[in-house]
Every structure is written in structure tokens, then in C-alpha cells.
Amino acid sequence: MNQDYLDPINALHVPELADTTFAMDLLLRSKEGVRNIAVALTESASPDVRTLLRNQLMQGIAMHQEVTELMINKKWFHPYELTEQYKLDQLSANNTLMIGKMNLFPVETNRKGMFDRTPDDH
């Protein structure tokens with residue numbers, strides 16, 4: 001990878017990387033939602049609230065399963081093949097380090113004169 005972050009070659013595979021990131025985030029959030037609903041269920045006393053939370057819990061578990069299956073089918077997640085998952089995790093870590101080393105912001109960040117009015121103008 002060259003140091004010019006605007007070079008189109010650096011955008012190769014970015015859409016798929018974004019998709020995998022979004023899917024993993026959705027997977028983690030659905031897991032977090034299941035956990036939170038389960039805790040709320042154990043704390044509720046009202047039968048109506050318990051029924052509502054139980055239904056939400058089942059929907060959350062189903063969503064987690066759907067996202068997991070999607071990620072497995074796309075080969076973005078390998079819960080049963082630890083060697084393959086390790087390779088993906090290493091790739092992700094290396095991409096993160098590479099992005100962290102990029103000079104995304106120029107040394108000169110003054111943007112004065114680029115706008116049609118100053119912030120104080122109304």
C-alpha cells in the first residue's frame with residue numbers, strides 16, 4: 001500500500017471490508033441485546049412485561065442466528081474452524097495497523113478561505 005490514501009488502488013476490497021465490519025458489529029450488538037433482555041426478564045415482576053420480554057428475547061436470538069449464518073455463508077466468520085478465524089483476525093489486525101499508520105490528515109489543516117462565509121456570518 002502506498003502512502004497516498006486518495007489513490008484508488010487503496011480502495012480495493014474496501015466495500016467488502018466495510019460489509020464484514022458492519023456484519024460483525026450487528027452480530028455483537030444482537031448478542032448484547034439478547035444479554036440485556038435476558039437480564040431485564042429476570043428483573044421483571046409483571047406477567048405482561050415478562051411475556052413481552054420473552055418474545056423480544058426470542059426475536060433477538062433469531063436475529064443473532066441469522067446474522068451468524070450470513071457471516072458463515074459469506075466466509076466472514078469461522079466459529080468452527082479456529083485456524084481460518086485466526087487468519088481473518090490477523091488480517092483485520094494488520095489492516096487496522098496499516099490504517100493507523102496512514103497520514104490521513106495533511107500537516108496543514110487550515111481551511112480558512114474555503115467557505116463562502118465565516119462561522120460568525122448569518
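Look up: the structure comes first, before these words.
Residues numbered from 1 in each chain as written. Predicted model: local features only at pLDDT ≥ 70, side-chain atom pairs only at ≥ 80, totals over all residues. Heavy atoms only, no water.

*Asks:* Which parts of the structure should I look at to understand the overall build of the protein?
*Replies:* What the protein contains, in helices and strands, is three helices and zero strands. Written out in order from the N terminus, the α and β elements of the protein read α-α-α. Counting only residues that meet the buried cut, the protein has 16% of its 122 residues in that class. Across the protein, the fraction of contacts at a sequence separation of at least 24, relative to all contacts at a separation of at least 6, is 51%. (Helix = DSSP H or I, 4+ residues; strand = E, 2+ residues; numbered from the N terminus. Buried < 20%, exposed > 50% of the residue type's maximum accessible area, 1.4 Å probe, protein only. Contact = heavy atoms within 4.5 Å.)

*Asks:* Sorry, what's going on with unusual backbone geometry here?
*Replies:* Keep in mind that most residues, glycine aside, have a negative phi and that most peptide bonds are trans. Located in the positive-phi region is Lys75, a residue other than glycine, with phi close to 65°. On the accessibility criterion, Lys75 (57% relative accessible area) is exposed.

*Asks:* It is not clear to me how the environment of Val67 should be interpreted in this structure. Could you clarify?
*Replies:* Turning to its location among the elements, Val67 is positioned in helix α2 (residues 47-73). You can call Val67 buried: its relative accessible area is 8%. Sequence-wise, Val67 and Ala23 are 44 residues apart; in three dimensions their C-alpha atoms are separated by 7.1 Å. Discounting chain neighbours no more than four positions away, the residues touching Val67 are Ala23, Leu26 and Leu27.

*Asks:* How should the environment of Gln85 be read in this particular structure?
*Replies:* Take Gln85: it is sitting in helix α3 (residues 82-101). Assessed through its relative accessible area of 12%, Gln85 is described here as buried. Ignoring anything within four residues of it in the chain, the contact list for Gln85 reads Phe77 and His78.

*Asks:* When you look at the packing of helix α1 (residues 14-43) against α2 in this model, what are you seeing that I'm missing?
*Replies:* Helix packing for two helices is described by the angle between their axes and how far apart those axes are. The geometry of α1 relative to α2 is characterised by a closest axis approach of 9 Å and an angle of 160° between their N-to-C directions. Here α1 is positioned roughly antiparallel relative to α2, judged by the angle of their axes. The way α1 lies across α2 gives a crossing that is left-handed. For the pair formed by α1 and α2, the contact residues are Ala23, Met24, Leu26, Leu27, Ser30, Lys31, Val34, Ile37, Ala38, Ala40 and Leu41 on the first element and Arg50, Leu53, Arg54, Gln56, Leu57, Gly60, Ile61, Met63, His64, Val67, Thr68 and Met71 on the second. Considered class by class, the residues forming the contact of α1 with α2 number 15 nonpolar, five polar and three charged. (Axes fitted to C-alpha atoms, helices over the stretch in contact; angles between N-to-C directions. Parallel < 35°, antiparallel > 145°, perpendicular 65-115°, else oblique. Left-handed = near helix turned anticlockwise from the far one by under 90°. Nonpolar A, V, L, I, M, F, W, Y, C, P; charged D, E, K, R; others polar.)

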